[in-house]
Amino acid sequence: DNSQVGSELPLFELLSLAGGTTPESDLQRITIMSPTRGSIEVNLDQTMRNGLVMPIVQPGETVFIPRKKHTVRNFLTIFSAAITSATGLFLIFSFR
């Protein structure tokens, strides 16, 4: 979702105004892209947990929050495909 603001805001406040994050949001790999400051990597989980200074987002900057990587889901997909293939091969060779 795209939201625009006209003044500087702490990252957490900006995210709240934009409707918040989702369970799929990877809060450890947020990027603030700025035409003047370059790319700023933010680990929001660590910032909040350790009471660090909240990054300020300036007008004209873009905040990108990627989706979490799902290694368990990816493993299960591959495992399921392997089991299906193995079952198919077993059925083919057992009826010969």
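Throughout what follows, the structure given in this document is the object of discussion. Since the model is a prediction, treat every value here as computed from it, not as a measurement. (Residues numbered from 1 in each chain as written. Predicted model: local features only at pLDDT ≥ 70, side-chain atom pairs only at ≥ 80, totals over all residues. Heavy atoms only, no water.)

## Some points on the overall build of the protein chain
Across its full length, the protein chain holds three helices and five strands. Sequence-ordered secondary structure for the protein chain, helices as α and strands as β, is β-α-β-β-α-β-β-α. For the protein chain, the proportion of its 96 residues judged to be buried stands at 19%. Across the protein chain, every contact between residues at least 6 apart in sequence was considered, and the portion connecting residues at least 24 apart equals 61%. Approximately 7300 Å² of the protein chain is accessible, and the part contributed by carbon and sulfur atoms is 59%. (Helix = DSSP H or I, 4+ residues; strand = E, 2+ residues; numbered from the N terminus. Buried < 20%, exposed > 50% of the residue type's maximum accessible area, 1.4 Å probe, protein only. Contact = heavy atoms within 4.5 Å. Areas by Shrake-Rupley, 256 points an atom, 1.4 Å probe, with all protein chains shown as cover.)

## Looking at the pattern of salt bridges
A pair can form between side chains of opposite charge whenever their charged atoms are brought close. Under the criterion given, the structure shown has two salt bridges. Between Asp26 and Arg29 there is a salt bridge; the shortest N-O distance is 2.6 Å. Given a relative accessible area of 10%, Asp26 falls into the buried group. Across the salt bridge formed by Glu61 and Arg37, the nearest N and O atoms sit 2.9 Å from each other. Placement of Glu61 in the loop between strand S4 (56-57) and strand S5 (62-64) and of Arg37 in the loop between strand S2 (30-34) and strand S3 (38-42) is noted, with a sequence separation of 24 residues between them. You can call Glu61 buried: its relative accessible area is 12%. (Salt bridge = Lys/Arg side-chain N within 4 Å of Asp/Glu carboxyl O.)

## Some details on the side chain of Asp26
Tracing the sequence through the fold places Asp26 in the loop between helix H1 (11-17) and S2. Among the polar contacts made by the side chain of Asp26, one reaches the side chain of Arg29 at a distance of 2.6 Å. If we skip the residues at most four places from it in the chain, Asp26 touches Ile65, Pro66, Arg67 and Lys68. (Polar contact = N/O pair within 3.5 Å; in protein donor to acceptor, adjacent residues only side chain to side chain.)

## Examining the environment of Ala18
If you trace the backbone, Ala18 turns up in the loop between H1 and S2. Looking at Ala18, the relative accessible area reads 32%, which means it is partly exposed. Along the sequence, Ala18 and Val5 sit 13 residues apart, while their C-alpha atoms lie 9.7 Å from each other.

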